[in-house]
Amino acid sequence: MGCVSTVVARHKRQVLGIIPSAFTVNNLVGKTCGKEIKVATMHERLLTMMELSDAFIALPGGFGTLEELFHMISWAQLNIHSKPIDVLNINGFFNGLLSFVDHAVE
């Protein structure tokens, strides 16, 4: 996310980091190039992201990315929000996941 936020900031666009307190231990976040909101928990982070975002785009990542993606999908299914959700499937990164989701829907 650091690379994406750096490029966005260079192009004079808004960057907002929502940082749970657990990430501030051992400096897991690094340098922030935009506005930063510190929250207590991961759940508070997800809630804040949902409230402040216009859409959700998952970039290739790990378990945290998947957790956030599925959280937003399940909240959409529960009509908690109606914002667009998508994945940026760079080099087929999400192909296996998308196949699984297709299978689960069937």
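Residues numbered from 1 in each chain as written. Predicted model: local features only at pLDDT ≥ 70, side-chain atom pairs only at ≥ 80, totals over all residues. Heavy atoms only, no water.

Chemist: Any details on the overall build of the chain? Residues and values, ideally.
Modeler: Summing up its helical and strand segments, the chain has five helices and four strands in all. For the chain, the succession of helices and strands along the chain, N to C, is α-β-α-β-α-β-α-β-α. Here the C-alpha coordinates of the chain stretch approximately 45 × 30 × 30 Å along the principal axes. Burial status across the chain gives 22% buried among its 106 residues. At a minimum sequence separation of 6, the contacts of the chain that also span at least 24 residues come to 46%. A total accessible area of about 7700 Å² is found for the chain, and carbon and sulfur atoms account for 59% of it. (Helix = DSSP H or I, 4+ residues; strand = E, 2+ residues; numbered from the N terminus. Buried < 20%, exposed > 50% of the residue type's maximum accessible area, 1.4 Å probe, protein only. Contact = heavy atoms within 4.5 Å. Areas by Shrake-Rupley, 256 points an atom, 1.4 Å probe, with all protein chains shown as cover.)

Chemist: Break down the packing of aromatic side chains for me, with residues and values.
Modeler: Summed over the entire model, instances satisfying the criterion amount to one aromatic pair. A centroid spacing of 5.0 Å and a plane angle of 85 degrees characterise the contact between Phe93 and Phe94, whose relative ring orientation is edge-to-face. Judged by its relative accessible area of 2%, Phe94 is buried. (Phe/Tyr/Trp six-rings, centres within 6.5 Å; stacked < 30°, edge-to-face > 60°.)

Chemist: Outline the side chain of Thr48, supporting the account with residue identities and numerical values.
Modeler: Tracing the backbone through its elements, the reader meets Thr48 in helix H3 (residues 42-52). Residues within four places of Thr48 in sequence aside, it is in contact with Ile18, Ile37 and Val39.

Chemist: So what's going on with the pattern of salt bridges? Which residues, and what values?
Modeler: By the definition in use, this model includes two salt bridges. Lys38 is paired through a salt bridge with Glu36; the nearest N and O atoms lie 2.6 Å apart. Overall, Glu36 belongs to the partly exposed group, its relative accessible area being 32%. (Salt bridge = Lys/Arg side-chain N within 4 Å of Asp/Glu carboxyl O.)

Chemist: Residues and numbers for the nonpolar core, please.
Modeler: Ile18, Val39, Leu46, Met49, Met50, Phe56, Met72 and Trp75 together form the largest nonpolar core, which totals eight residues. Secondary structure elements with two or more residues in this core: H3 and helix H4 (63-77). If one sorts the elements of this core by residue count, H3 sits on top with three residues. Apart from residues no more than four positions distant in its own chain, Ile18 is found in contact with Ile37, Val39, Arg45, Thr48 and Met49. Core analysis: the second largest hydrophobic core is formed by five residues, Ala58, Leu69, Val87 and Leu97 among them. (Core = buried A, V, L, I, M, F, W, Y, C linked by side-chain atoms within 4.5 Å.)

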